[in-house]
Amino acid sequence: MLFYGVDLSSRLMLGTARYPSPAVLAEAIKASGAGVVTVSLRRESGSERAGQSFWSLVRSLGVRVLPNTAGCHSVKEAVTTAHMARELFDTTWIKLEVIGDSDTLHPDVFGLVEAARILSDDGFDVLPYTTEDLGVADRLVEAGCRVLMPWGAPIGSARGLNNIYGLRSLRAYFPDIPLVVDAGLGVPSHAAAAMELGYDAVLLNTAVAEAGDPVAMARAFALAVEAGRAAYLARPMEPRDMAMPSTPVIGKAALGD
Amino acid sequence: MKRLSVTVIGAGVAGLCCALELAECGARVDLVDRGHRLGDGSCSWQAGGMLAPWCERATTDPAVATLGALAIDWWARRFPGTVRNGSLVVAQPRDAADLARFARRTERFEVIGEERIAELEPDLAGRYRRALFFADEAHLDPRRALAGLVNGLARHGIAVRYGADLSPDAAPGDVVVDCRGFAARDALPDLRGVRGEMVVVRCPDVAFARPIRMLHPRIPLYVVPRGGGLFMIGATMIESERRGGASVRSTAELLNAAFALHPAFGEAEIVELGADLRPAFADNLPQVRREGRVLRANGLFRHGFLLAPALARKVAAAALDPTVSLEMTNADIPERRRA
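Residues numbered from 1 in each chain as written. Chains lettered and ligands numbered in written order. Predicted model: local features only at pLDDT ≥ 70, side-chain atom pairs only at ≥ 80, totals over all residues. Heavy atoms only, no water.

## What to know about the overall build of chain A
- The helix and strand tally for chain A stands at 9 helices and 10 strands.
- For 257 residues, the compact-globule estimate of 2.2 N^0.38 gives 18 Å, and the C-alpha radius of gyration of chain A, at 20 Å, lies within 12% of that figure.
- Counting only C-alpha atoms, chain A reaches 90 × 40 × 35 Å along its principal axes.
- Looking at chain A as a whole, 52% of its 257 residues qualify as buried.
- The contacts in chain A between residues at least 6 apart in sequence include a share of 66% that link residues at least 24 apart.
- As presented, chain A carries roughly 11,900 Å² of accessible surface, and 53% of it is formed by carbon and sulfur atoms. (Helix = DSSP H or I, 4+ residues; strand = E, 2+ residues; numbered from the N terminus. Rg over C-alpha atoms; globule rule 2.2 N^0.38 Å. Buried < 20%, exposed > 50% of the residue type's maximum accessible area, 1.4 Å probe, protein only. Contact = heavy atoms within 4.5 Å. Areas by Shrake-Rupley, 256 points an atom, 1.4 Å probe, with all protein chains shown as cover.)

## A short note on the packing of aromatic side chains
Residues and elements named next belong to chain B.
- Enumeration according to the criterion identifies 9 aromatic pairs over all chains in this entry.
- When the centroid spacing of 5.1 Å and the interplanar angle of 80° are considered together, the rings of tryptophan 74 and tryptophan 75 count as edge-to-face. No difference in accessibility class separates tryptophan 74 from tryptophan 75, as the two residues are buried.
- On the basis of an interplanar angle of 75° and a centroid distance of 5.7 Å, the ring pair of phenylalanine 208 and phenylalanine 231 is categorised as edge-to-face. (Phe/Tyr/Trp six-rings, centres within 6.5 Å; stacked < 30°, edge-to-face > 60°.)

## A word on the nonpolar core
- One finds Phe3, Leu96, Val126, Leu148, Val202 and Leu204 of chain A to be the most contacted residues of the largest nonpolar core, which totals 77 residues.
- Sorting elements by how many residues they give to this core places helix 3 (residues 75-89) of chain A first, with 7 residues.
- The contact partners of valine 202 of chain A, leaving out residues within four places of it in the chain, are Arg11, Leu12, Met13, Val180, Val181, Leu185, Ala191, Ala194, Met195 and Val225 of chain A.
- Residues Met50, Leu70, Ala71 and Ile72 of chain B belong to the second largest nonpolar core, which totals 76 residues. (Core = buried A, V, L, I, M, F, W, Y, C linked by side-chain atoms within 4.5 Å.)

## Considerations on helix 2 (residues 52-59) of chain A
- Among the residues making up helix 2 of chain A, those that are buried are Ser53, Phe54, Trp55 and Val58 of chain A.
- In the core, the buried residues of helix 2 of chain A are packed alongside helix 1 (22-32), strand 4 (36-40), strand 5 (64-68) and helix 3 of chain A together with strand 10 (192-202) of chain B.

Given below as structure tokens:
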């Protein structure tokens, strides 16, 4: 699986916020086998490198760091944060979030497309956090995005895949663009469902960080992602309206009469 | 037998508790601080002062609850201003799931309805249908509590020596206790700072008898009554070691949340904005480490007043007996010994 030319071995990506402690975070990442972790930059005062202690803890996990622009409400804020991230983490990757509404954390898709264009032109590899809207996805690809990350449901809501039909269309519409369901997953079955739709990976944070046992939940998600992916590759049967007996009836000995 | 002589460096909550615990064990204690008066340069000065071991279970290691449980009696015996009124946890109706989650992750509370809420906190009457009441918890005014410890030390003939910037290695004494908090990072490279911001307001229109926590997906808030119409509103938790004053964003969020808790806070007067760094290790639990005759007691994170008594007891035990395990678990909080 190639994201901007980088071969990623794990299809599970995890956020690093809201864990009981950095020690639990480290254990959970290890248990998940995640190859990519996202780190929020917005509030960690990048300009003074004041988040250094926490960032070095994250770096010491030995996984690829995907900085994000969580909490940015304008194009300018997001672009500034992305630049800060590129300098601090020495990576051109950026998970782009431009938030439109602070209660639902709904993406501001207009700002998102604009910021994606600015950053792509500037040499960034943009992974945009977006909705499942096809028109927006088209614009993001046109702006230079080579990975798309539609939400399953609002961030932290644990509601799973709100619009399976939309996510399925997106997959069919962009067979060659890596797609990641980002946000809204609550339990491992949600992650498995996303993978069964043919999504390339899932990204989540709260469902693991706020579980009673984050380390065990990280492992559970890893298993679900693996199961969902294997199921997709095995080409599941189509659902149907009538029963189909698992034992054929034709040719069975006729009894009675 | 010659009394054990101990130098304690740092007069924040950790240093004061350690000094008092050691003095009570009969040690000869010298307590020094590089600041010029009580609270100067200490993050304890910005603390909330909640003694809430069971609420803390929502986001922390179980050890915080077991170690913190002994803090309430410890403070009540040494500081008469310790208020044992419990604490109350509420959420806006749209965040009901957060209240359910909080209940799932904590213990020793009762779920109460409108009538009981109105009985406990008349100013919250009609504002919340459900709340969690943690009857066994307590709170105190951290600044008065620190002063209370200073008085307690004075009764042992110990005065804090301010303006003394001692290095632990060069300090005199049979044992040196390094309670410098985040400043001890020179000796504890794995210590990190977690920034916290708080606001103190004067709001004569509201009276609370106990700390109120309001759950919120983005801005969890607590309001601790300080008496005389004063309230401490806290606190942010940011993985940043930036020094300097409270940010506009944090302040706006805290005040907004307080306003949501009770509209009367909209009319309150801002008395103080504070910000500092909490010293923490990777597991957010305190530790005592030994290097020769130096004991380093640190990493209280956001649990200064809650966990300093357990830390102090461990330090006193380790100072008196070099063979004592330094592990901070509830099981091995040792009995008092005499120096």
